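This is what each chain is made of:
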Amino acid sequence: QVQLVESGGGLVQPGGSLRLSCAASGFTSDYYAIGWFRQAPGKERELVARIGSDGATVYADSVKGRFTISRDNAGTVYLEMKSLKPEDTAVYYCRVDLGRTYWGQGTQVTVSS
């Protein structure tokens, strides 16, 4: 059974940092690209960052230089977020496409003073 479980969200002040984790199971995650998406209230879900099976990375312009996506050998994909801004506030999801699309349940990130 394919599962994606996000964790690491929370409340942080502007300028702060968080590290999100996406624990993947039920498939060999190293073989597939995994993406981090986010959805803010009233807005569409958008791609934040993606890591390919070859380790190649893609970032949204809004997070370049602040966010870093990586993966470990245990099937977990991380999103390191620095210099957070209030506009980064959203529910963050990870996603994988295995012929059909799987999403995690999401983790809330709130950037506020």
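Preceding this section is the structure that the text describes.
A. Structural view of the pattern of salt bridges. Applying the stated criterion across every chain, the model contains five salt bridges. The closest approach of N and O atoms between Glu-46 and Arg-38, which form a salt bridge, is 2.8 Å. Take Glu-46: its relative accessible area is 37%, and that puts it in the partly exposed class. Salt bridges here are not isolated pairs; linked through shared partners, they connect Arg-38, Glu-46, Arg-66 and Asp-88.

B. Main features of unusual backbone geometry. Although it is not a glycine, Ser-83 sits at a positive phi angle of roughly 50°. Along the polypeptide, Ser-83 turns up in the loop between β8 (76-81) and β9 (90-97).

C. A look at the state of the cysteines. Applying the stated criterion across every chain, the model contains one disulfide. Each sulfur of the disulfide joining Cys-22 and Cys-94 lies 2.1 Å from the other. On the S-S bond that ties Cys-22 to Cys-94, the torsion sits near 80°, and the link is right-handed. Within this pair, whereas Cys-22 is found in strand β3 (residues 18-25), its partner Cys-94 is found in strand β9, the two being separated by 72 residues in sequence.

D. Representation of the pairing of strand β5 (residues 46-51) in the model. Relative to β5, strand β4 (residues 34-39) runs antiparallel, the two sharing five bridges. Counted as the bridge partner of Ile-34 is Ile-51 from β5. Taken together, β4 and the strand that follows it, β5, pair antiparallel across an intervening segment of six residues, in which Gly-42 is found at a positive phi of about 80°. Taken together, the three bridges between β5 and strand β6 (residues 57-59) define a ladder with antiparallel strand orientation. Of the residues in β6, the one forming a bridge with Ile-51 is Thr-57.

E. Looking closely at the packing of aromatic side chains. Applying the stated criterion across every chain yields a total of three aromatic pairs. On the basis of an interplanar angle of 70° and a centroid distance of 5.1 Å, the ring pair of Phe-37 and Trp-103 is categorised as edge-to-face. Remark: Trp-103 occurs in strand β10 (residues 101-103) and Phe-37 occurs in strand β4; sequence separation between them is 66 residues. Residues Tyr-93 and Trp-103 carry aromatic rings whose centres are separated by 6.2 Å and whose planes lie at 85° to one another, so their mutual orientation is edge-to-face. Here Trp-103 lies in strand β10 and Tyr-93 lies in strand β9, a separation of 10 residues in the sequence. Accessibility expressed as a relative area gives 34% for Trp-103, which makes it partly exposed. Among the aromatic residues, ring-to-ring pairing joins Phe-37, Tyr-93 and Trp-103 into one connected group. The side chain of Arg-45 reaches across the aromatic face of Trp-103, ending 4.5 Å from its centre. In this arrangement the basic side chain of Arg-100 is found over the ring face of Tyr-102, its NZ or CZ atom lying 4.1 Å from the centre.

About the cut-offs
Residues numbered from 1 in each chain as written. Predicted model: local features only at pLDDT ≥ 70, side-chain atom pairs only at ≥ 80, totals over all residues. Heavy atoms only, no water. Salt bridge = Lys/Arg side-chain N within 4 Å of Asp/Glu carboxyl O. Buried < 20%, exposed > 50% of the residue type's maximum accessible area, 1.4 Å probe, protein only. Helix = DSSP H or I, 4+ residues; strand = E, 2+ residues; numbered from the N terminus. Disulfide = S-S within 2.5 Å. Pairing = 2+ DSSP bridges. Phe/Tyr/Trp six-rings, centres within 6.5 Å; stacked < 30°, edge-to-face > 60°. Lys NZ or Arg CZ within 6 Å of the ring centre and 35° of its normal.

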